[in-house]
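Chain by chain, the residues run as shown.
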Amino acid sequence: MITLTALLGLVLFVIALISPTAFLSIRNAAVEGILSLRHLPAVLPHLPKLAPHASKLLPHAPVLLKNVNVLAPHMVALVDHMDDLLPYMDRLAPHIDKLAPHTAVLLTKIDLLLPHMNELTQNMDILLPHIDKLLPHIEELLPYTHVLLPQMDKLAPHITALLSQIDKILPHMDALLPYMDDLLPYAGVLLPHVDVLMPHLDALLPHMSLILPYMHDLAPYLEALAPHTAALSRHIPMLARHMDRLLPHMDTLRPHMGTLVSKMDVLMPHMDLLVDNIDLLIPHMPLLLQHTDKLIPHIDKLLPLLPYMDMMTPYLDAMIDRIDGLMPYMGVLMPHMDVLVLHMGALMPHIDKLLSVMDDMLPHTEVLISNIHLIAPVADDLIPYTDKLLPHIAKLAPHINHLAPLSPQLMPHIDALLPHMDALLLHIDVLLPHTPLLLPHIEALLPHMETLLPHIGKLAPLSGQLIPHLSTLLPHMAALSPHMSALVANAPILLPHLDALAPHMAALVPHAGRLIPHMHILEPHMQELLPYTSMLLPHINALEPYMEILLPRSKSLLPHVNKLLPHMSVLTSHMGALLPHFDQMFLHIDALASNIDVLVPHMDALLPHTGMLLEHIDILLPHMDVLLPYFPKLEPYLDSLAPHAAILAP
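Residues numbered from 1 in each chain as written. Predicted model: local features only at pLDDT ≥ 70, side-chain atom pairs only at ≥ 80, totals over all residues. Heavy atoms only, no water.

Colleague: Help me get a handle on the overall build of the protein chain, residues and values and all.
Modeller: The helix and strand tally for the protein chain stands at 89 helices and zero strands. A total of 650 residues make up the protein chain; the buried ones form 50% of that total. Considering only residue pairs separated by 6 or more positions, the protein chain has 82% of its internal contacts joining residues 24 or more positions apart. (Helix = DSSP H or I, 4+ residues; strand = E, 2+ residues; numbered from the N terminus. Buried < 20%, exposed > 50% of the residue type's maximum accessible area, 1.4 Å probe, protein only. Contact = heavy atoms within 4.5 Å.)

Colleague: Can you lay out the pattern of salt bridges for me, pointing to particular residues and giving the numbers?
Modeller: Applying the stated rule across the entire model yields eight salt bridges. Residue Arg245 is joined to Asp279 by a salt bridge in which the shortest nitrogen-to-oxygen separation is 3.5 Å. Of this pair, Arg245 sits in helix α32 (residues 243–246) while Asp279 sits in helix α37 (residues 278–281), and the two are 34 residues apart along the sequence. The class of Asp279 is partly exposed, set by a relative accessible area of 48%. Asp321 is the salt-bridge partner of Lys294, the closest N and O atoms lying 3.7 Å from each other. Taken together, the positions of Lys294 in helix α39 (residues 292–295) and Asp321 in helix α42 (residues 316–321) put the pair 27 residues apart, joining distant regions of the chain. The exposure class of Asp321 is exposed, given its relative accessible area of 51%. (Salt bridge = Lys/Arg side-chain N within 4 Å of Asp/Glu carboxyl O.)

Colleague: Which residues make up the packing of aromatic side chains, and what values do they have?
Modeller: By the definition in use, this model includes one aromatic pair. For Arg553, the ring lying beneath its charged end belongs to Phe586, and the centroid distance is 5.4 Å. (Phe/Tyr/Trp six-rings, centres within 6.5 Å; stacked < 30°, edge-to-face > 60°. Lys NZ or Arg CZ within 6 Å of the ring centre and 35° of its normal.)

Colleague: So what about the confidence of the model for the protein chain? Which residues, and what values?
Modeller: Scored by pLDDT, the protein chain has a mean of 78; 89% of the residues are at 70 or more. Below a pLDDT of 50 lies the segment residues 1–14, which in the model reaches seven contacts outside its immediate sequence neighbourhood of four places, other chains included. In this model, residues 26–36 is a region of pLDDT below 50 whose contacts with residues beyond four sequence positions or in other chains number nine contacts. (pLDDT = per-residue confidence, 0-100.)

Colleague: Go over the environment of His193, please, and point to the residues and values.
Modeller: Mapped onto the elements, His193 comes out in the loop between α24 (187–190) and α25 (194–197). Overall, His193 belongs to the buried group, its relative accessible area being 12%. Separated by 33 residues in the primary sequence, His193 and Ala226 place their C-alpha atoms 9.3 Å from one another. Excluding anything up to four places from it in sequence, His193 contacts Ala219, Leu222 and Glu223.

Colleague: So what about the side chain of Thr572? Which residues, and what values?
Modeller: Tracing the chain through its elements places Thr572 in helix α78 (residues 568–573). In this structure Thr572 comes out as buried when scored by relative accessible area, which is 10%. Leave out the neighbours within four places in its chain, and Thr572 touches Ala542, Leu543 and Tyr546.

Colleague: Please give an account of the side chain of Asn371 that cites residues and values.
Modeller: Assignment of secondary structure puts Asn371 in the loop between α49 (365–370) and α50 (372–375). For Asn371, a relative accessible area of 12% gives the class buried. Discounting chain neighbours no more than four positions away, the residues touching Asn371 are Ile400 and Asn401.

Colleague: Can you lay out the environment of Met82 for me, pointing to particular residues and giving the numbers?
Modeller: If you trace the backbone, Met82 turns up in helix α9 (residues 82–85). Note on Met82: relative accessible area 8%, which makes it buried. As a C-alpha pair, Met82 and His53 span 29 residues in sequence and 8.2 Å in three-dimensional space.

Shown next as C-alpha cells:
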C-alpha cells in the first residue's frame, strides 16, 4: 500500500510539475470519486506519452477514466494515434460511452478512419445510433464519406432504411456517386424499391436527371415498371418529355405494361402523336393493344379516327382485319368520317364488297356520302349489286336520293333491269316521278321492257292512267308490240276508254293493226261501237277499207247491225258500187235494213239500177217482196216503168 501511495504521489507530482491545471482537474476528479486507483496500472505505462497531451485530455478525464477498463486493452494503439485523435477530442468525448464498446473494431480500421475524422466526428449524433450496422461495412463506406457525410442531414431520416439495404447498395456505390446529389432528395421514395431498381441501375443512371423529378409519382408503379427497365431505358428521354401527360393514366396503363414495353420500339417513333391523343387512346387501350402490330404501321392515318372510337368499337375487329385494304382510302374517307360513323352498323356487314369496288366508287365519293343517310338504310339490298351498278354510277348518282329508298323493290330485279339500263337512264327524269306507281308492277313489266322502253318518255307520264289497266294490257303486249308506236301516239285518245275496252281486249288486239290507223275516226264513236264489238270484228277485214265512210254514219247503222251483219260479206263485196249512193241510202236506212233479207239475194241485179231505185225507194220498198221475184223480167223495162212507180205500186 505504501508503495502504491508513493507511486500515486509521484505521478501527481509529475503532473503538477508539467501542468498545474491538469493536476487540479485530476485532484477534483479524485475528490469527486470518479478517479479509481484500479485504473492506474493500465494508464501508468503510457504517462510519458500522455503527459504532453494532458491539457487536452484532462478536460475529458472523467468520461475517459469511466471507460478506462474498456479502453485500457487498446491503450497502446490509442496512444500511438493520440496526435491524430486529439484534434477531434472535443467531438469524440461526449460519445465515448457509446464508442468505447466498439474500440477494438474501430482501432483495427483506424488508418481508414483517420482521413475522414473531420466528417465523421461532425456527424456523430447521426452515425452512432447505427454504429452496429455501419461497422460491418465501414471499409466499403469510408471511401464515400466525402459524398455521404455532407448529405447526412438529408440521409438522416432514411438512415435506417438505407442501412437495411446497404448490402445491395454498396456494390453500386461507384455508379451512384455522380448522381448522389440528385438521388438523395428521393431516398425515401427509392429505398423501398432497392430490390427492384438495383439490377437495372446501369440502364437507369444515365437518365436519372430526367427520371427523378417524377419519382414521387412513379413510386407506386416501380414494381410494375422494373421488369421492363432495360427496354424502357432506351426510350427514357422521349418518355420523360411526355411524363406529365402519361402520369395521370398510369393506373390504366399498369396492367398493360408488358405489352406496351414489348411494342416500345414500334411505338416510340410515333410517341408525339400518341401522347397528344392519350386521353382518347386510354379508354380503348385493351382493345388497341391486341392489334398493335397491325395498327402501328398506319398510326398517322389512324389517330385522326380516335374521336370516333366509341362509335367504331363494335366494328374495330373487322376493320383491323382489313386495315391494309382500308388505309389507301383513308385520305378520301376521313373528311366524311362524321357522317360515315353514324352508318357503320349498316355498312360494315358489306365491308368486303365495298372494298372490292372502292376504286370505282372514289370518283363519286361526294355524291355517295352526301346521300349515305339514304343508302345506309337499304345497304343490305343495294350494296351486293354495287359492281353491277357502278358502270352506270355517273348517271345514277344525280338521282340517288330518289333511287336509294326504292332499292328494296328494284334490286331483286337488277339482273333483268341491267340490259335496259342505258334506256332507263336516258328517261330517268321522266320515270322517277312515277316509280312509286310502277314498282309494284315491275315483275309484270320486265318481260316487256324492250317493247315499252322506246316509248317510256311518253308512257311514264301516263302511268297513273295505265297502271290500273296493266292486268288487262300486259297479257297482250306481245301482240301489241308491233303497233306500240301507233298506240302510244293515240294513247290520249284511248286512255279515257280503257275501262270500256277492257272486256273486249282479247277480241280487239288481233285486229289492232287495222283499227289503230283509224283511231281518230273510231274514238268519237267508241262508246257506240263497243257493244257491237263481237259482231263487227269478224268482218273487220272487209269493213276496214270503208271505215272512214261508215264510221261517221255509225249512229244510223248500228241500230240495224243485227240485220246487216249476216249479209256483210255480200254488202262489202259491193261496197264500191254502193259508195256513190251512200248519202241517199242512209236517208232510207231504216227501210233498207228492214228489207235487207229480201234485197241481198238480188244485189247483183239491183246494183246497176241503184240510183234509179233509190229515187222511188219509198214507193218500192213496201212491195219489194212482191216485185223482186219478177225483177229479172222487169229489169229491161225499169227505165220506162220508174216514172210510173207511184201508180203501178198499188
